[in-house]
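If you want the building blocks of each chain, they are given just below.
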Amino acid sequence: MWYNNAMKNNCIFCAIAAGEIPSFKIYEDDLVLAYLDINPFSTGHTLVIPKIHSEGLLDTGDETLAAVISRVKKVAAHLRTALPCEGFNILQNNGQAAGQTVKHLHFHIVPRCGMAPLAFDGAPADMEELKALAGRIGMI
Ligand code: 5GP
Ligand code: ZN
């Protein structure tokens with residue numbers, strides 16, 4: 001695919017965008033993909049990425065960024081109604097010092113419910129449970 005060079009970038013999110021690595025998708029179009037995080041901070045924790053590779057906020061073109069943030073809004077609105085979700089945090093890490101572990105631009109959508117405190121790390125999810133959750137949330 002024109003937008004993808006997973007091997008060249010040696011990038012796990014490029015590989016997900018190319019379908020080389022499976023993911024539980026919530027939203028997809030030509031430019032953007034959203035899927036459940038496998039180490040969720042909360043139920044429904046979703047990552048939104050551009051299909052074209054960039055490392056972070058500062059090396060991403062404005063057009064791509066605009067496309068991604070508009071999909072962040074769309075996906076967050078969907079999660080808000082599809083889940084028990086009273087609010088959500090948007091998180092976007094840049095650089096190792098900021099906790100970025102995958103060097104492909106991504107926005108975290110972290111649904112929040114009740115008084116559960118915000119956690120900045122997650123344990124590996126059970127893949128069957130994540131699959132079932134993706135089914136309950138549904139593709140937009
Ligand atoms: P960062 O710390 O770079 O902002 O966040 C990277 C996120 O990507 C982490 O929350 C981590 O759990 C998630 N992640 C890493 N590898 C994979 C993967 O192969 N699939 C999915 N769905 N999420 C991943
Ligand atoms: Zn990439």
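Look above for the structure.
Residues numbered from 1 in each chain as written. Chains lettered and ligands numbered in written order. Predicted model: local features only at pLDDT ≥ 70, side-chain atom pairs only at ≥ 80, totals over all residues. Heavy atoms only, no water.

Draft legend 1. Quick look at the packing of aromatic side chains. Here the structure, examined in full by the defined rule, presents 1 aromatic pair. Between Phe-13 and Tyr-35, the ring centres sit 5.7 Å apart and the planes meet at 85 degrees, which makes this aromatic pair edge-to-face. With Phe-13 in helix α2 (residues 12–17) and Tyr-35 in strand β2 (residues 32–36), the pair connects residues that are 22 residues apart, well separated along the chain. Like Phe-13, the residue Tyr-35 is buried in the burial classification. (Phe/Tyr/Trp six-rings, centres within 6.5 Å; stacked < 30°, edge-to-face > 60°. Helix = DSSP H or I, 4+ residues; strand = E, 2+ residues; numbered from the N terminus. Buried < 20%, exposed > 50% of the residue type's maximum accessible area, 1.4 Å probe, protein only.)

Draft legend 2. Expanded view of the site of ligand 1. Lining the immediate environment of ligand 1, one finds 16 residues, of which Asp-37, Asn-39, Thr-101, His-106 and His-108 sit closest. In the model, an oxygen atom of ligand 1 is placed 2.8 Å from a nitrogen or oxygen of the Gly-99 main chain. Burial of ligand 1 by the surrounding chains reaches 88%, relative to a free accessible area of 530 Å². For the shell around ligand 1, the secondary-structure elements that each account for two or more residues are α2 and β2. Here the shell around ligand 1 takes 3 residues from α2, the largest share from any one element. The residue inventory of the shell around ligand 1, partitioned by class, reads 8 nonpolar, 7 polar and 1 charged. (Near = heavy atom within 4 Å. Polar contact = N/O pair within 3.5 Å; in protein donor to acceptor, adjacent residues only side chain to side chain. Areas by Shrake-Rupley, 256 points an atom, 1.4 Å probe, with all protein chains shown as cover. Nonpolar A, V, L, I, M, F, W, Y, C, P; charged D, E, K, R; others polar.)

Draft legend 3. Representation of the coordination of the zinc ion (ligand 2) within the structure. Every protein donor of the zinc ion (ligand 2) is accounted for by Cys-11 (SG), Cys-14 (SG), His-53 (ND1) and His-104 (ND1), and the metal-donor separations fall at 2.0 to 2.3 Å. Linear spacing of the donor residues for the zinc ion (ligand 2) on their chain is C-x2-C-x38-H-x50-H. Here His-53 is found in the loop between β3 (46–50) and α3 (62–82), whereas its partner His-104 is found in the loop between β4 (87–91) and β5 (107–112), with 51 residues between them in sequence. A relative accessible area of 0% means that His-104 is categorised as buried. (Donors = N, O, S within 2.8 Å, 3.2 Å for Na, K, Ca; no water.)

Draft legend 4. Quick peek at the pattern of salt bridges. As enumerated under the stated definition, the model contains 3 salt bridges in all. The closest approach of N and O atoms between Lys-25 and Glu-28, which form a salt bridge, is 3.0 Å. Among the residues examined, Glu-28 registers a relative accessible area of 31% and is labelled partly exposed. Residues Lys-51 and Glu-28 are paired through a salt bridge, measuring 2.8 Å at the closest nitrogen-oxygen approach. In this pair, Lys-51 is assigned in the loop between β3 and α3 and Glu-28 in strand β1 (residues 25–28), connecting sequence segments 23 residues apart. The class for Lys-51 is buried, based on a relative accessible area of 5%. Through salt bridges with shared partners, a single ionic network connects Lys-25, Glu-28 and Lys-51. (Salt bridge = Lys/Arg side-chain N within 4 Å of Asp/Glu carboxyl O.)

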